[in-house]
Amino acid sequence: MDQLKLPGKSFEISKWEVQEAWEKVRANKGAPGVDGQTLAEFEKDLKGNLYKIWNRMSSGSYFPPPVLAVEIPKAHGAGIRVLGVPTVADRVAQTVVARRLERKVEPIFHPDSSGYRPGRSALDAVAACRQRCWKRDWVIDLDIQKFFDSVPWDLIVTAVEEHADAPWVVLYVKRWLRAPLQHADGRLVQRDRGTPQGSAVSPVLANLFLHYAFDAWMAREFPTVPFER
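Let us look at the structure shown here. (Residues numbered from 1 in each chain as written. Predicted model: local features only at pLDDT ≥ 70, side-chain atom pairs only at ≥ 80, totals over all residues. Heavy atoms only, no water.)

**Side note on the pairing of strand β1 (residues 67-73)**
Strand residues, when the strand is regular, have side chains that alternate between the two faces of the sheet. Two elements, β1 and strand β3 (residues 181-182), share two bridges in a ladder whose sense is parallel. The residue of β3 that forms the bridge with Leu 68 is Gln 182. The pairing of β1 with strand β2 (residues 80-85) spans six bridges and is classified as antiparallel. When the bridges of β2 are listed, Ile 72 appears paired with Arg 81. (Pairing = 2+ DSSP bridges. Helix = DSSP H or I, 4+ residues; strand = E, 2+ residues; numbered from the N terminus.)

**Concerning a nonpolar patch on the surface**
Together, Trp 138, Ile 140 and Leu 142 give the surface a local cluster of nonpolar side chains, amounting to about 410 Å² of exposed area. With respect to the helices and strands, Leu 142 occurs in the loop between α5 (122-132) and α6 (147-150). (Patch = residues over 30% accessible without salt bridge, like charges linked within 9 Å, V, L, I, M, F, W, Y side chains within 5 Å. Areas by Shrake-Rupley, 256 points an atom, 1.4 Å probe, with all protein chains shown as cover. Salt bridge = Lys/Arg side-chain N within 4 Å of Asp/Glu carboxyl O.)

**Quick word on the nonpolar core**
Counting 47 residues, the largest nonpolar core has Met 57, Val 92, Val 97, Val 160, Trp 168 and Tyr 172 as the members making the most contacts within it. Going through the elements one at a time, α1 (15-28), α2 (39-44), α3 (46-59), α4 (88-105), α6, α7 (153-163), α8 (167-178) and α9 (202-221) are the ones with two or more residues in this core. Not counting the four nearest positions on each side in its chain, Val 160 is found in contact with Leu 101, Val 169, Val 170, Val 173, Leu 205 and Leu 208. (Core = buried A, V, L, I, M, F, W, Y, C linked by side-chain atoms within 4.5 Å. Buried < 20%, exposed > 50% of the residue type's maximum accessible area, 1.4 Å probe, protein only. Contact = heavy atoms within 4.5 Å.)

**A closer look at the packing of aromatic side chains**
Under the defined criterion, the tally for this structure stands at ten aromatic pairs. With a centroid separation of 5.4 Å and an interplanar angle of 75°, the aromatic rings of Trp 217 and Phe 222 are classed as edge-to-face. Exposure remark for Trp 217: the relative accessible area of 35% places this residue in the partly exposed category. Look at Phe 222 and you get partly exposed, because its relative accessible area is 38%. Three or more aromatic residues link up through ring pairs in this structure, and these residues are Tyr 116, Phe 147, Phe 148 and Phe 209. The ring of Trp 54 has Lys 15 sitting right over it, with the charged end atom 4.8 Å from the ring centre. For the cation-ring pair, Arg 175 lies above Phe 63, with the distance from its terminal atom to the ring centre recorded as 3.7 Å. (Phe/Tyr/Trp six-rings, centres within 6.5 Å; stacked < 30°, edge-to-face > 60°. Lys NZ or Arg CZ within 6 Å of the ring centre and 35° of its normal.)

**Focus on α1**
Between its terminal C-alpha atoms α1 stretches 20 Å, which fits the 20 Å expected from 14 residues at 1.5 Å a residue. For α1, the set of buried residues is Glu 17, Val 18, Ala 21, Trp 22 and Val 25. In an axial view of α1, the angular spread of the buried residues amounts to 140°, which keeps them on one side of the axis. Among the exposed residues of α1, those pointing more than 90 degrees away from its buried face are Trp 16 and Ala 27. (Expected span 1.5 Å × (residues − 1). Arc of directions from axis to C-beta.)

**Some details on the sheet that holds β3**
On the basis of which strands lie adjacent, the open sheet formed by four strands has the order β2-β1-β3-β4 and mixed pairing. Whereas interior strands pair on both sides, the edge strands pair on one side only; in this sheet they are β2 and β4 (188-189).

Written out as structure tokens, the structure is:
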């Protein structure tokens, strides 16, 4: 896939897509990545920075920097959660791909898939469960342990290949999956699975994987059992 880009050829990525991705990244705010660049600093040379992203992505020469590993306490229970914080520029590039992929996969997603989706939240799943629990005798609550740390790459890529409308979507998803984690002490950790929780492209990748691994399986094998994810 890394050889899809031929000399002198360009992937069809519009400058407008990059501009819209920046607007979303700015609205989401967020901390600096491994380069220490803040949103405000990126914006000082906004035109130049966005052009650089567009030029490299459209030529196939964009390679993501390492993702900054940030440890935060878990909201519920003991332990820590490791977030992967990309650089501002990388978040823009990821958002370009995420938005392109979302347009293809959102129409196929299950109506009771609520997390990490545009216009939806986990509270929608809670609200649906609150209504349904009055009509059922039992409820099962499940959690996938360390999902973002352990989801297999090959299955993610297979799903992306099935739905991507452009080869560069698959190309850059593969590169982001392989991007190493950089810890605060500068130590780089190579990964062979997972997609960093905190990156802009991870939510749509996670939902696409779980669409096939859980939602479609439930609908096929247990069509009378409602669920909320």
